[in-house]
Amino acid sequence: MPRSRNTEGAIYMSMAMAGFSASDALSKSVIAYMNAGEIMFLRGLFTSILVYLIAWKLGALRPWRVMLKPIIALRIACEIIAAVTYITALGMMPIANASAILQSLPLVVTFGAALFFQEPVGWRRWMAILVGLVGVMIIIRPGPEGFTAAALLCVASVAVTAGRDLATRSISKDIPSLMITTITAISVALFGALMIPFLGGWEPVSATSLTHLLLASVLVLVGYQSVILAMRTGEISFVAPFRYTSLIFSSLLGFFFFAEVPDFWTLVGAAIVIASGLYTFYREAKRHVPPIAQESAPRSPV
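Residues numbered from 1 in each chain as written. Predicted model: local features only at pLDDT ≥ 70, side-chain atom pairs only at ≥ 80, totals over all residues. Heavy atoms only, no water.

(A) Quick peek at the environment of Ala-270. By secondary structure assignment, the location of Ala-270 is in helix H12 (residues 264–287). Between the alpha carbons of Ala-270 and Ala-96 there is a distance of 9.6 Å; along the sequence they are 174 residues apart. The residues touching Ala-270, leaving out its near neighbours within four places in the chain, are Ala-100, Ile-139 and Leu-247. (Helix = DSSP H or I, 4+ residues; strand = E, 2+ residues; numbered from the N terminus. Contact = heavy atoms within 4.5 Å.)

Structure representation (structure tokens):
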């Protein structure tokens, strides 16, 4: 019996989340041996080469002066900050916890769309956003000393990633997505290189670490392509909720490769965040509003 287009879209979306989660795990595996700047440089370099070749092959390259457009510069800045904060957070907390906090991204994007684009958000979705933020607080659980540095970095990554997604909506459709990705990847790599001296200098890179980062770059590209296929194959309202499978993949990777087991309250908080996000997707589909939350993937930055 042939698969329906929705089923195919769900499979593509799950593949994308598996790719992104595995890329995060591979990046986390090398944090003990090199600093965040080195990781950003090497992973960004591999990604830049791969994306550039694809963009060149498909004729998606444009004059480099497009980088001077303020909205593109803003998107690049958000991507760089998101990469720094998330990679650093991965080295300080379980990957499942970081992934659970990242699941709040669609809610934050919905909030930002209402704030900056005046997109209509009814009281039900406002309540879903508030409930989702409560779920994030349950995951973080600040102690007597307040928020941990890892939690603050992860929350900051969510905020600037939301800014990246909102900025992307304002970029002219005449600029191909591959060109934007190419510019962003190169910028992340260059910024990572600039950070290396301030983070302890260059550390020798083993063949294993280099292989992990190369594979992470490939998996990110696989993830991006799978997301595009998912959104073009199935109905957005059906496919988008499968983004949350990333938490399942992250939890499994954390358990098998880092011996990390999410505690009870992390699971409770994640369940609240996911339920809030699913309700937001449902309301957007029912009201036929622009699916800004549905277009925002709860995943780590490039």
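(B) The arrangement of the nonpolar core in detail. With 34 residues, the main nonpolar core has Tyr-86, Met-93, Ala-98, Ile-101 and Cys-154 as its most contacted residues. For this core, the leading source of residues is helix H7 (residues 149–169), giving six residues. With residues near it in sequence (within four places) discarded, Met-93 still touches Lys-28, Ala-98, Ile-101, Ala-150, Cys-154 and Glu-260. Listed in part, the 22 residues of the second largest apolar core include Met-40, Val-66, Ile-72 and Ile-180. (Core = buried A, V, L, I, M, F, W, Y, C linked by side-chain atoms within 4.5 Å. Buried < 20%, exposed > 50% of the residue type's maximum accessible area, 1.4 Å probe, protein only.)

(C) The arrangement of the packing of helix H2 (residues 36–57) against helix H8 (residues 177–195) in detail. For the pair H2 and H8, interaxial distance at closest approach is 7 Å and the crossing angle is 155 degrees. Put simply, H2 runs roughly antiparallel to H8. Seen along the crossing, H2 lies across H8 with a hand that is left-handed. Taken together, the residues of H8 that come into contact with H2 (itself represented by Gly-37, Glu-38, Met-40, Phe-41, Gly-44, Leu-45, Thr-47, Ser-48, Val-51, Tyr-52, Ile-54 and Ala-55) are Leu-178, Thr-181, Thr-182, Ala-185, Ile-186, Val-188, Ala-189, Phe-191, Gly-192, Ala-193 and Met-195. Residue classes in the contact of H2 with H8 are distributed as 15 nonpolar, seven polar and one charged. (Axes fitted to C-alpha atoms, helices over the stretch in contact; angles between N-to-C directions. Parallel < 35°, antiparallel > 145°, perpendicular 65-115°, else oblique. Left-handed = near helix turned anticlockwise from the far one by under 90°. Nonpolar A, V, L, I, M, F, W, Y, C, P; charged D, E, K, R; others polar.)

(D) Highlighting helix H5 (residues 105–117). With 13 residues, H5 should cover 18 Å at 1.5 Å per step; its first-to-last C-alpha distance of 17 Å lies within 8% of that length. Residues of H5 that are buried: Leu-105, Pro-106, Leu-107, Val-109, Thr-110, Gly-112, Ala-113 and Ala-114. Remark: Gln-118 follows H5 within two positions and exhibits a positive phi of approximately 55 degrees. (Expected span 1.5 Å × (residues − 1).)

(E) The arrangement of H2 in detail. If you check H2, its first and last C-alpha atoms are 31 Å apart, about what 22 residues at 1.5 Å a residue would give, namely 32 Å. You can read the cap of H2 off the contacts: a side-chain oxygen lies 3.1 Å from the backbone nitrogen of Gly-37, and it is on Asn-35. Just downstream of H2 lies Gly-59, where phi reads positive at about 70 degrees. (Polar contact = N/O pair within 3.5 Å; in protein donor to acceptor, adjacent residues only side chain to side chain.)

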